[in-house]
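Summary of the model geometry
Given next are the chains, with one letter for each unit.
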Amino acid sequence: MIDVVPGGLLPEGLTPEVLALVLLAALAAGWIDAVVGGGGLLQLPALLLVPGISPVQALATNKLASIFGTTTSAVTYHRRVHPDLRTALPMAGIALACSFAGASVAAALPASVFKPVIVVALVAIAAFTVLRPALGEVTALRHSGRRHHGVAAATGAAIGFYDGILGPGTGSFLVFALVSLLGYDFLHASAKAKIVNVATNLGALLFFVPYGAVFWGLGLLLGAANTLGAYLGARTATARGSRFIRVVFLVVVTALIGRVGWDVWTENVRPILG
């Protein structure tokens, strides 16, 4: 059973200065998420700076804010890129259910258990992308028929569960999986990833909301900033294309390696050495 203090509208210790900081982080996070995912790298740590907010409340409020941004970017991509919904929608449905399951596990297991594995995965993803410069330039599907949808479903299940249990880098993992496992170019992979990311955010919220873990006022304010950033990011990505998205992808993955790697050092390694 998850143990949280009800969130309410705004944290009692929230000051105008901290609110301005988290709103700026949400705006930037919306842009990053819309282009290639990984906005949680900014938004979630910024929320943890709010006095009096618990990690679970920060995660839940982050999901509320993020669902506005991912929905905005999903709609923008759909209008401009017209992604294949026959793949994206079933993948999103499975991801939603698995995100709910992941959120329930998050209440029982510390994030430090998973972070070393995430760092290794991110390093491998970055190396694979750098060593294959043509990866994701054009769509060349690797599977067809049932096998295509089976791989998409497995991807949605695994990454949906991860988003519920922890979250940072979910969009980047989705984009990389759609490019490397299914064969989409970076632009169409980002378009589909946004649809799936809406579902993973919703799945986690369906778990957190009944426990009162969301600060609704703060989440809606961040959601407005996230929406603006997402709209601008999606328009930038669709105008600049797959090569631009690939560059941003590598920058975000590198930043994620640094951020999660630091957590692994402080939570797992330094206590042993010290």
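In this text the structure is predicted, and so the values were computed from the model without any measurement.

Let's talk about the overall build of the protein chain
- Regarding its fold elements, the protein chain presents ten helices and zero strands.
- Reading the helices (α) and strands (β) of the protein chain from amino to carboxyl end gives α-α-α-α-α-α-α-α-α-α.
- When its C-alpha atoms are laid out on the principal axes, the protein chain stretches across 50 × 45 × 30 Å.
- Sorting the 274 residues of the protein chain into buried and exposed places 52% on the buried side.
- Partitioning the intrachain contacts of the protein chain with sequence separation of at least 6 by distance along the chain shows that 84% fall at a separation of at least 24.
- In the protein chain, the 17 positive side-chain charges and the 10 negative ones have mean positions that sit 14 Å from each other.

Looking at the pattern of salt bridges
- Following the criterion strictly, the structure yields four salt bridges and no others.
- When the shortest N-O distance is used, the salt bridge between Asp 163 and Lys 63 registers 2.6 Å. Of this pair, Asp 163 sits in helix α6 (residues 145–165) while Lys 63 sits in helix α3 (residues 55–81); the two residues are 100 residues apart in sequence, bridging distant segments of the chain. Pair check on accessibility: Asp 163 and Lys 63 agree, each one buried.

Some words on the packing of aromatic side chains
- This model, assessed by the stated rule, comprises eight aromatic pairs.
- Pairing Phe 207 with Tyr 211 gives two aromatic rings, centres 5.3 Å apart and planes at 45 degrees, and the pair type is tilted.
- Here Phe 207 falls in the buried class, since its relative accessible area comes to 10%.
- These aromatic residues form a ring-pair network of at least three members: Phe 100, Phe 207, Phe 208 and Tyr 211.

Quick notes on helix α9 (residues 216–240)
- Taking 1.5 Å of rise per residue, 25 residues should cover 36 Å, and α9 covers 35 Å from first to last C-alpha, within 8% of that figure.
- Immediately beyond the C-terminal end of α9, within one or two residues, lies Gly 241, with a positive phi of roughly 90 degrees.

Remarks on the environment of Glu 267
- By the element assignment, Glu 267 lies in helix α10 (residues 242–273).
- According to the relative accessible area criterion, Glu 267 is partly exposed, its value standing at 37%.
- Each C-alpha atom, one on Glu 267 and one on His 143, is 41 Å from the other, the two residues being 124 residues apart in sequence.

Remarks on the nonpolar core
- Among the nonpolar cores identified, the biggest contains 80 residues, and Val 36, Tyr 77, Val 175, Phe 208, Ile 245 and Phe 249 are the most heavily contacted of them.
- Broken down by element, the residue count for this core peaks at 13 residues, all from helix α8 (residues 186–208).
- For Val 175, the residues in contact, after removing those within four places along its chain, are Val 36, Phe 186, Ala 189, Ser 190, Ala 193 and Phe 249.

Focus on helix α5 (residues 115–131)
- The terminal C-alpha atoms of α5 lie 24 Å apart, and with 17 residues this matches the ideal 24 Å at 1.5 Å per residue to within 8%.
- Turning to α5, its buried residues are Lys 115, Ile 118, Val 119, Leu 122, Ile 125, Ala 126 and Thr 129. One side of α5 holds all its buried residues, which, seen down the axis, span an arc of 130 degrees. Looking at α5, the residues exposed on the side facing more than 90 degrees away from the buried face are Val 117, Val 120 and Leu 131.
- Contacts from the buried residues of α5 go to α6, α7 (170–180), α8 and α10.

Here's the deal with unusual backbone geometry
- Of note in this structure, His 82 is not a glycine but carries a positive phi near 55 degrees.
- Here His 82 is to be found in the loop between α3 and α4 (85–106).

Topic: the side chain of Ser 190
- Considering the arrangement of structural elements, one finds Ser 190 in helix α8.
- Here Ser 190 is in contact with Val 35, Val 36, Tyr 77, Val 175 and Ile 245, once residues within four sequence places are set aside.

Focus: the packing of α7 against α10
- One way to put it is that α7 packs onto α10 with a least axis distance of 10 Å and a crossing angle of 130 degrees. The angle between α7 and α10 places the two elements in the oblique class. In the crossing of α7 with α10, the sense of the turn from one axis to the other is left-handed. In contact with Ser 172, Val 175 and Phe 176 of α7, α10 contributes Phe 249, Val 252, Val 253 and Leu 256.
- The residue makeup of the contact of α7 with α10, split by class, is six nonpolar, one polar and no charged.

What counts, and where the lines are drawn
- Residues numbered from 1 in each chain as written.
- Predicted model: local features only at pLDDT ≥ 70, side-chain atom pairs only at ≥ 80, totals over all residues.
- Heavy atoms only, no water.
- Helix = DSSP H or I, 4+ residues; strand = E, 2+ residues; numbered from the N terminus.
- Buried < 20%, exposed > 50% of the residue type's maximum accessible area, 1.4 Å probe, protein only.
- Contact = heavy atoms within 4.5 Å.
- Lys, Arg positive; Asp, Glu negative; His and termini not counted.
- Charge placed at Lys NZ, Arg CZ, Asp CG, Glu CD.
- Salt bridge = Lys/Arg side-chain N within 4 Å of Asp/Glu carboxyl O.
- Phe/Tyr/Trp six-rings, centres within 6.5 Å; stacked < 30°, edge-to-face > 60°.
- Expected span 1.5 Å × (residues − 1).
- Core = buried A, V, L, I, M, F, W, Y, C linked by side-chain atoms within 4.5 Å.
- Arc of directions from axis to C-beta.
- Axes fitted to C-alpha atoms, helices over the stretch in contact; angles between N-to-C directions.
- Parallel < 35°, antiparallel > 145°, perpendicular 65-115°, else oblique.
- Left-handed = near helix turned anticlockwise from the far one by under 90°.
- Nonpolar A, V, L, I, M, F, W, Y, C, P; charged D, E, K, R; others polar.

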